[in-house]
Structure formats: C-alpha cells, structure tokens
Amino acid sequence: MRQVFSFALLLAAGPAVLMAAGPKTIAITGGKLLTVSHGTIENGVLVIADGKIAAVGEAGTVQVPAGAEIVDARGLTVYPGLIDPESNFGLTEISADEANNDLSERSDEIMPHMHVGDAFHGETELIPVARLNGITNAVVAPATDDSIAGQDIFIQLYGADREQMILGRDVALAMNYGADQRRRGGRGGHSEYPSTRMGLITQLRQTFLDVQDYMAKQSAPKKDDAKKDDTKKDEKDKPQKRDLKLEALIPYLKGERPVVIGVYEGYDVENIMALANEFHLKVILNHVTHSQDVLDKIAAWKVPVIVGPIYDFPKANERYDAVYTLPAELAKRGVKIAISSADAGGPVSSHSARNLPYAAGFAVAYGLPYDEALKAITLNVAEMFGFGDKLGSLDAGKMANVVLANGDPLDVRTEVKQVYVQGVAVPMVSRQTILRDEYSK
C-alpha cells in the first residue's frame, strides 16, 4: 500500500516539476505524420521548440536543430492530441458519492452565471487515464439538468496546477432543451415550472428578453447629475443594480461566444433553433441523436454539430444503424461535426473519455470518411471553441500537443507510446497502470 501511495505522490508532483523545467527542443523523426490539416506524411520530421511545433515536413526537407533531442518514431504514427468536445472532467470523481459531484446547480433552471472554472478540480484521477490514450484537451461542461446550466471551460489535460490547465474560461454557454429539463415530480412530488416543453421555451424566451431590456438600460444615456435636483429624483434615475444572471448572457446575445445546445429529437431541434434564430445566437448543436428527419434543415442553418453518444439505441421507427450513421449523414450534407466521448449511460461520462478515438472509428465503420473522423476529434473541435489557431493539427506555430502511437489512432488495438503537451513528455502513468503494476507482481 505504501508503494501505491508513493506513486500517487509522484503523479501529483510530476506536472509541476516537469512544467517548471520547461520544454526541450525535440525532433521526432521517421514517423508517419497525420497532420490533419495537410494530409499524411509517410516519413516525416516534426520539430518541437519552446512548447510549440517549430517545423513539420518530409524527411530531408526539415532541418533538425543542433542539440535537439532525437526521438526515433520509425514504425510509429504521429498525430495531434485529441480533443473531447464534451466532458465533466474535474466536476465529478465517483458518481455515487454526492460529496464530490459539482455537476450542476439545481436551485434554478436558468443558471448562466455558473462558471465551470470555479468548480474544476485539476487533480482528478480521470484525466491521466484519458491522457494515456491520446486525449490532450477537452471542453468541460456542467450536467444537463438545467435549461441553461452554466459556462464551459476549455482545458489542457496536463499542467502544474488548475490555472495552467484552464486554457479558456467561459468559452461557451451550456444550454439544453428536451424531456430531461422538465421539472416534473419536484419538491413534494409536485410538478414545478417549467414542467412542459412549452414552459421551457417560454422561460428561455423571457430570459433573453430580460437580457435585451437590461442591455438597453445599460446603454441608455445618463442624465447630468450636476443638473439634477436631488429632491426630485425618481426610481428610473437610480443606478441600475447589477444582475449577474443577465450579465452572463450578454456576450451570447451579442453573438460573441457560442451557445452549445443539447437536444436529441428532431422536433425539439426545430423548436430550439427557432428560438436561437429569433435572438441571433451563435449555435453549436449537441447530440441530435434522433434527428435524422431534420438533417437537411440542420445543414441549411449552417451550424456545427457535436455528435454523441454514438452507441445509443435507435428508436422503434428508426433503422438499426440510424445513430451510427449520423456523423456520416451530417458530413455528407457539409455540416462541420465533432464527436464526443458521451456514452448512452451518461449522456456525458468522463470515465469513458479514453474511448473518444473509438467513437470516431465507429463512425468510420458506418460511412464517415476517415479524414473527417480524425478532424472531428481534433481540428474541428478546436475551431468550434476558438482554438483553431493553437490546436488540432500538426502545423508550425501551434501548441506542441503531440501523440506517438504504434498504429491507427482510431483502432482499439493501437497503443499510445508517448504524449507531449506543450512540448513536455508527460508521464505515461495513471491510477490504472499503478494498480496494474502493483497487483500483477
């Protein structure tokens, strides 16, 4: 037991020690490079310097810096770190223990002023497990209990502390619409508002109208206090009281940040998109698991889509492969897609985040082109959340989040050999490998 504890201490201290030491100059040579953005290089060289990709290209065309650490990647596949577009990392550890679950604030249905960054716990044991399978980044979102559940963060799965791991706070608004958000059987077993889809839409519309009114009052010209008679002040002249709930929604009503809308059924997609278009929201649709009848409309709206869970059962009136082929059908219509690790028992489970590449591989088996599948767990996710210039492909100038594996990243038989985050070779150790080694003696 003492040995397991010492390993745990090493894991906790490792990121701080290694990140403080700083990244080296590294040249990864001879590997098969899946660049994502500009095809495959069969015999390539990738140079990492100062935590970024300094150069990438075919062997013989890229100069290896003097003194660089050479990593022989012959026989290996090199690709950008994978990005999960929907996870609960750091918000839950053991789902059955309420004491360590910070998944949602259920005191109200409209909670945009809840910031996931305030609850994120960077020391979760779930992150090293996912990292060992090539996932280097993720969007962390609250649970889907509320219509507006809070604001997401974009994280790096390695860093000296939680502040280093959070690359972006409030990168998107988590919004949900469907049967799960209805308040049926609330306190005392009685229904609470909103207990119907009509109530959900009405509540959301009133909230956005309140935000518009709040913005209008904020921008209204103020009277010159010097010319006012203090004895004749009325209520409308008093300074406006700050409302954190309404303030939080202003960037989203202005279209400055995306709203990720979790929705499953086709008719729900139509209803919530009508509301989103009414208020000119910048939308990323999420799940759309049983929306095959409105795929042409989704394509016409020109909104990106996060697909997951891909392993869900079809409805009674759907083909057996309706969910499996959803990514392919969306891509066929020109929709930019991302694939999440969400499983049918979740809908979001950070315990299954390690399976992200296999969800993409499943989509390939059901018609999604391979290159599109790889983009769906790398570059497309980065672009959807505003990190396309930093992550998602092997391009010079981007952050050096790089994975070395002994085969196809979407194949369950492939073993990840090394993961680099910002040019640092992370320890290939997790709670699972520690227990494996301890009890296999």
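Scroll up to find the structure.
Our subject in this report is the structure included herewith.

Cut-offs and rules
Residues numbered from 1 in each chain as written. Predicted model: local features only at pLDDT ≥ 70, side-chain atom pairs only at ≥ 80, totals over all residues. Heavy atoms only, no water. 1 Å grid on protein atoms, 1.4 Å probe; cavity = no way out; pocket = protein on both sides within 12 Å on 5 of 7 lines; lining within 4 Å. Points joined across faces, edges and corners; volume = space filled by probe spheres on them. Nonpolar A, V, L, I, M, F, W, Y, C, P; charged D, E, K, R; others polar. Helix = DSSP H or I, 4+ residues; strand = E, 2+ residues; numbered from the N terminus. Expected span 1.5 Å × (residues − 1). Buried < 20%, exposed > 50% of the residue type's maximum accessible area, 1.4 Å probe, protein only. Contact = heavy atoms within 4.5 Å. Pairing = 2+ DSSP bridges. Right-handed = clockwise from strand over helix to strand, strands pointing away. Phe/Tyr/Trp six-rings, centres within 6.5 Å; stacked < 30°, edge-to-face > 60°. Axes fitted to C-alpha atoms, helices over the stretch in contact; angles between N-to-C directions. Parallel < 35°, antiparallel > 145°, perpendicular 65-115°, else oblique. Left-handed = near helix turned anticlockwise from the far one by under 90°.

Quick look at empty space enclosed by the protein
Applying the stated criterion across every chain, the model contains three cavities of 30 Å³ or more. The computed volume of the largest cavity comes to approximately 120 Å³. Along the walls of the largest cavity sit 17 residues, with Glu86, Ala141, Ala174, Val260 and Asn286 positioned nearest its centre. Here the lining of the largest cavity is composed, by residue class, of 11 nonpolar, four polar and two charged.

Observations concerning helix α4 (residues 197–219)
Taking 1.5 Å of rise per residue, 23 residues should cover 33 Å, and α4 covers 33 Å from first to last C-alpha, within 8% of that figure. For α4, the complete set of buried residues consists of Gly199, Leu200, Ile201, Gln203, Leu204, Thr207, Phe208, Val211 and Tyr214. Residues of α4 that are buried make contact with β8 (148–156), β9 (166–176), α5 (244–253) and α6 (266–278).

Observations concerning the pairing of strand β11 (residues 283–290)
Within β11, eight of the eight residues are buried, which leaves it mostly tucked inside the rest of the structure. The pairing of strand β10 (residues 259–265) with β11 spans six bridges and is parallel. For valine 263, the partnering residue across the bridge sits in β11 and is histidine 287. Following the chain from β10 across α6 to the adjacent parallel β11, one finds a crossover that is right-handed.

What about the packing of aromatic side chains?
Scanning all chains against the criterion turns up six aromatic pairs. Ring geometry for phenylalanine 154 and phenylalanine 387: centres 4.1 Å apart, planes at 15 degrees, overall stacked. Pair noted here: phenylalanine 154 is in strand β8 and phenylalanine 387 is in the loop between α11 (379–384) and β14 (402–405), with a separation of 233 residues, a long-range link. With respect to class, phenylalanine 154 is no different from phenylalanine 387; both count as buried. Ring geometry for tyrosine 311 and phenylalanine 362: centres 5.3 Å apart, planes at 70 degrees, overall edge-to-face. In this pair, tyrosine 311 is assigned in the loop between β12 (305–307) and α8 (326–332) and phenylalanine 362 in helix α9 (residues 356–365), connecting sequence segments 51 residues apart. Under the relative-accessibility criterion, phenylalanine 362 is labelled partly exposed at 27%. Three or more aromatic residues link up through ring pairs in this structure, and these residues are Tyr311, Tyr324, Phe362 and Tyr366.

Let's talk about the packing of α4 against α6
In contact at an axis separation of 11 Å, α4 and α6 are set at 15 degrees when each is read in the N-to-C sense. As summarised for this structure, α4 and α6 are arranged roughly parallel, according to the angle between their axes. The way α4 lies across α6 gives a crossing that is right-handed. Judged by residue contacts, Arg197, Ile201, Leu204, Arg205 and Phe208 of α4 engage Tyr267, Asp268, Asn271, Ile272, Leu275 and Glu278 from α6. Taken together, the residues of the contact of α4 with α6 sort by class into six nonpolar, one polar and four charged.

Here's the deal with unusual backbone geometry
Residues tyrosine 193 and proline 194 are joined by a peptide bond in cis, for which omega reads -5 degrees. Here proline 194 lies in the loop between β9 and α4. Of the consecutive residues glycine 308 and proline 309, the connecting peptide bond is found in the cis state with omega at 5 degrees. Summarising the element assignment, proline 309 is placed in the loop between β12 and α8. Positioned with a positive phi, valine 36 is a non-glycine residue whose angle comes to about 75 degrees. Within the element layout of this structure, valine 36 appears in the loop between β1 (26–34) and β2 (40–49). Positive phi is not limited to glycine here, since glutamine 422 has a value of about 50 degrees. Within the fold, glutamine 422 resides in the loop between β15 (416–421) and β16 (424–425).

Topic: the sheet that holds β8
In a beta sheet, neighbouring strands are held together by backbone hydrogen bonds and run either parallel or antiparallel to one another. Spatially, eight strands are ordered β6-β7-β8-β9-β10-β11-β12-β13 in an open sheet, and the strand pairing comes out mixed. Of all the strands in the sheet, just β6 (82–87) and β13 (337–339) have a single pairing partner and so form its edges. Recorded for the sheet is a direction-independent mean angle of 30 degrees between the axes of neighbouring strands. Across four bridges, strand β7 (residues 135–140) lies against β8 in antiparallel orientation. Looking at the pairing, alanine 138 lines up with isoleucine 155 of β8. Helix-sheet contacts for α6 involve β9, β10 and β11, and the interaxial angle to β10 is about 150 degrees.

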